[in-house]
Amino acid sequence: MKVHERLYEAAKDVWAGYLVHPFITELGAGTLPAAKFRYYMIQDYLYLFDYLKLFALGIVKAGSDEALMRSFAGSIFAILDEELAIHRGYMADIGVTREEAEGTPMALDNASYTAYMLAQGEMGGAPEIMAAILACAWSYGVIAKSVIGSFPDSVNHPVFGRWVRGYGSDEYKKGNERLFALTDRVCEGLPESRIQKLCEIFRNCSRYEAMFWDMAYEMKN
């Protein structure tokens, strides 16, 4: 079993909860209150800036491995040039300006999540960084595919459809496959004790993802 598959096995029970979370099921059904989605989009936008720092930390931890540096740098530019732009487009659809989003305080659960990811990256190396990165990136693809399977018309929703189409796309899937390959590469030859630690990090980040959905649905500060 590849390392990225072992990470999933360590958290699959947590991920099962995402698929039946009211935020996700209501988003798929098109009944999610607009205020909850608006809150989520702002907090997710703020999250991305700390998520970017994790990839930047990967460059620092790459040592003299140029190929690894380029992999992390490519992800940084993809987020800066594509994902943030997509988020701004989403926010424009629901009347959120960039100034409002960037002037909103990060919710405590959100700040705790990103602080945990960055701490693991700072204390560890590229393997720890990838374990922290994957929980978010991978789970969004799984969630979107589940939404499409349960609510086929969700892709056509005037607001939520863009979210479903984006994270459920083949392009997004290919991006995650690149992350799987990178994870397996940087973890090659690691001792079992360290792989178990990576599984712990991945599971904790998955639990934080669950908290993020709770936070968004309850609109917690």
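For the structure itself, look to the data block above.
Only a predicted model underlies this, so the values are computations on that prediction, with no experimental measurement involved. (Residues numbered from 1 in each chain as written. Predicted model: local features only at pLDDT ≥ 70, side-chain atom pairs only at ≥ 80, totals over all residues. Heavy atoms only, no water.)

Q: Explain the overall build of the protein here, please?
A: Within the protein one finds ten helices and zero strands. Going from the N terminus to the C terminus, the protein shows its helices and strands as α-α-α-α-α-α-α-α-α-α. Over its C-alpha atoms the protein spans a radius of gyration of 17 Å, differing by no more than 12% from the 17 Å that the globule rule assigns to 221 residues. Taken along the three principal axes of its C-alpha coordinates, the protein extends 45 × 35 × 30 Å. Relative to its 221 residues, the protein shows a buried fraction of 49%. Considering only contacts in the protein between residues 6 or more positions apart, those separated by 24 or more positions represent 83%. Looking at the protein as shown, the accessible area adds up to about 10,100 Å², and 56% of this sits on carbon and sulfur atoms. (Helix = DSSP H or I, 4+ residues; strand = E, 2+ residues; numbered from the N terminus. Rg over C-alpha atoms; globule rule 2.2 N^0.38 Å. Buried < 20%, exposed > 50% of the residue type's maximum accessible area, 1.4 Å probe, protein only. Contact = heavy atoms within 4.5 Å. Areas by Shrake-Rupley, 256 points an atom, 1.4 Å probe, with all protein chains shown as cover.)

Q: Looking at this structure, how should I read the packing of helix 3 (residues 34-61) against helix 10 (residues 192-218)?
A: Each pair of packed helices gets described by two things: the angle between the helix axes and the distance between those axes. Where helix 3 meets helix 10, the closest approach of the two axes is 8 Å, and the angle between their N-to-C directions is 140 degrees. Judged by the inter-axis angle, helix 3 sits oblique to helix 10. Across from Lys36, Tyr39, Tyr40, Gln43, Asp44 and Tyr47 in helix 3, the residues of helix 10 making contact are Glu209, Phe212, Trp213, Met215, Ala216 and Tyr217. In the contact of helix 3 with helix 10, the residues fall into eight nonpolar, one polar and three charged. (Axes fitted to C-alpha atoms, helices over the stretch in contact; angles between N-to-C directions. Parallel < 35°, antiparallel > 145°, perpendicular 65-115°, else oblique. Nonpolar A, V, L, I, M, F, W, Y, C, P; charged D, E, K, R; others polar.)

Q: Even after reading the chapter, I still don't get unusual backbone geometry, so can you show me in this structure?
A: Across the chain, the bulk of peptide bonds are trans and the bulk of non-glycine residues have phi less than zero. One non-glycine residue, Met219, lies in positive phi territory at about 55 degrees. Topologically, Met219 is positioned in the segment after helix 10. For Met219, a relative accessible area of 34% translates into the label partly exposed.

Q: Would you mind going over the state of the cysteines with me for this structure?
A: Put plainly, a disulfide is one covalent bond tying together the sulfur atoms of two cysteines. Summed over all chains, the structure comprises zero disulfides. Among the cysteines around Cys136, which has no disulfide bond, Cys205 carries the closest sulfur, lying 9.4 Å off. Under the relative-accessibility criterion, Cys205 is labelled buried at 0%. (Disulfide = S-S within 2.5 Å.)

Q: What is the right way to look at a nonpolar patch on the surface in this model?
A: On the surface, a nonpolar cluster with roughly 220 Å² of combined accessible area is contributed by Leu19, Val20 and Val142. Within the secondary structure layout, Leu19 lies in helix 1 (residues 3-19). (Patch = residues over 30% accessible without salt bridge, like charges linked within 9 Å, V, L, I, M, F, W, Y side chains within 5 Å. Salt bridge = Lys/Arg side-chain N within 4 Å of Asp/Glu carboxyl O.)

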